[in-house]
Amino acid sequence: MASKDDKHKGSQGDNKEKRRKESILDLSKYLEKSIRVKFAGGREAAGILKGYDPLLNLVLDNTTEYLRDPDDPYKLLEDTRALGLVVCRGTSVVLICPMEGMEAIPNPFITQEG
């Protein structure tokens, strides 16, 4: 016969497992919109988000990869490569950002000489 403590521990484990399956990001607002994705290792790609799952596996269409400088793997070149429809593994995704509504700003931490 199970004690009250055993029943309580079991319900906590169930709640913890449910929480683990939920994603902290709500990517539904980016479906059918252009996004840019950075991956572990320095690769970057942009495409239209077609689908995703709680593990952040992404499906991108019309995907373009931004090629890197062979001498400096963290420096991007102007060259791109068309990939088409791709599935991005969630464990390698580092950053996801929308293409629209994004602008480059000068670094506020660098003192401007002049």
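Note that this is a predicted model, so its numbers are computed, not measured.

K.L.:
Give a detailed account of the pairing of strand β1 (residues 34–39), specifying residues and quantitative values.
P.N.:
Sheet analysis places β1 next to strand β2 (residues 44–52), joined by five bridges and oriented antiparallel. Note that in β2 the partner of I35 across the bridge is G47. Here β1 hands over to β2 after four residues, with G41 in that stretch at a positive phi of 100 degrees. Across five bridges, β1 lies against strand β5 (residues 93–98) in antiparallel orientation. Bridge pairing in β5 places I35 opposite P98.

K.L.:
An account of the sheet that holds β5 is requested, with residue identities and associated values reported.
P.N.:
To summarise the sheet geometry, strands pair through backbone hydrogen bonds and adopt either a parallel or an antiparallel arrangement. With antiparallel pairing, the five strands of this open sheet are ordered in space as β4-β3-β2-β1-β5. The open sheet has two edge strands, β4 (76–88) and β5, and neither has a second partner. Geometrically, the sheet is characterised by an average inter-axis angle of 30 degrees between neighbouring strands, direction not taken into account.

K.L.:
Please set out the packing of aromatic side chains residue by residue, giving values where relevant.
P.N.:
Scanning all chains against the criterion turns up zero aromatic pairs. Between R36 and the ring centre of Y66, over which it is positioned, the NZ or CZ distance is 3.9 Å.

Definitions and cut-offs
Residues numbered from 1 in each chain as written. Predicted model: local features only at pLDDT ≥ 70, side-chain atom pairs only at ≥ 80, totals over all residues. Heavy atoms only, no water. Pairing = 2+ DSSP bridges. Helix = DSSP H or I, 4+ residues; strand = E, 2+ residues; numbered from the N terminus. Axes fitted to C-alpha atoms, helices over the stretch in contact; angles between N-to-C directions. Phe/Tyr/Trp six-rings, centres within 6.5 Å; stacked < 30°, edge-to-face > 60°. Lys NZ or Arg CZ within 6 Å of the ring centre and 35° of its normal.

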